[in-house]
Amino acid sequence: MTRITAILIKSLGFLCAHTPENFLATFAKTVGHLIVAIPSQRRRTLLSNLSRAFPDWPRKRLLSVARESAACLVEMGLFSLVYPCLSSDRIRRLLHIPPETERQLNELRRSGRP
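Only a predicted model underlies this, so the values are computations on that prediction, with no experimental measurement involved. (Residues numbered from 1 in each chain as written. Predicted model: local features only at pLDDT ≥ 70, side-chain atom pairs only at ≥ 80, totals over all residues. Heavy atoms only, no water.)

Quick look at the overall build of the protein chain
- Along the backbone of the protein chain there are six helices and zero strands.
- Helices and strands in the protein chain line up, N terminus first, as α-α-α-α-α-α.
- Scaling as 2.2 N^0.38, a compact globule of 114 residues should have a C-alpha radius of gyration of about 13 Å, whereas the protein chain reaches 18 Å, well beyond that.
- Each principal axis of the C-alpha distribution contributes one length, and for the protein chain these read about 45 × 40 × 30 Å.
- A total of 114 residues make up the protein chain; the buried ones form 21% of that total.
- Long-range pairs, those at least 24 residues apart, make up 56% of the contacts in the protein chain with a sequence separation of at least 6.
- Of the roughly 8,900 Å² of accessible surface on the protein chain, 62% is carried by carbon and sulfur atoms. (Helix = DSSP H or I, 4+ residues; strand = E, 2+ residues; numbered from the N terminus. Rg over C-alpha atoms; globule rule 2.2 N^0.38 Å. Buried < 20%, exposed > 50% of the residue type's maximum accessible area, 1.4 Å probe, protein only. Contact = heavy atoms within 4.5 Å. Areas by Shrake-Rupley, 256 points an atom, 1.4 Å probe, with all protein chains shown as cover.)

Some points on the packing of aromatic side chains
- Under the counting rule described, the total for this entry stands at two aromatic pairs.
- Note on Phe 54 and Trp 57: the rings are 4.0 Å apart at their centroids and 5° apart in plane angle, and the pair reads as stacked.
- With 5.6 Å between their ring centres and 55° between their planes, Phe 79 and Tyr 83 make a pair best called tilted.
- Judged by its relative accessible area of 23%, Phe 79 is partly exposed. (Phe/Tyr/Trp six-rings, centres within 6.5 Å; stacked < 30°, edge-to-face > 60°.)

Below is the structure:
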């Protein structure tokens, strides 16, 4: 990766970190819908995998789940860019860990087990 590419990626992450979350959520959902709407290998793979996993689902439901999955993919990509620019307080606010999971993680930390 060239130095300019690294600077551009870091700059994009910084800009996204300072962009309102509702805008980024709308952006992710829109791009996710476009991924499913425009014929591509990713669209074929998504729909093929879903139709094999859920053969009795109607096409409308498969498309809905594919759009949601693609939107989550974009959202995770944005989060990967933004994560290095976020404060620990903001990360805690964005990520929800259920109390039971938090308890189990604390037990593992105390026990030293992986």
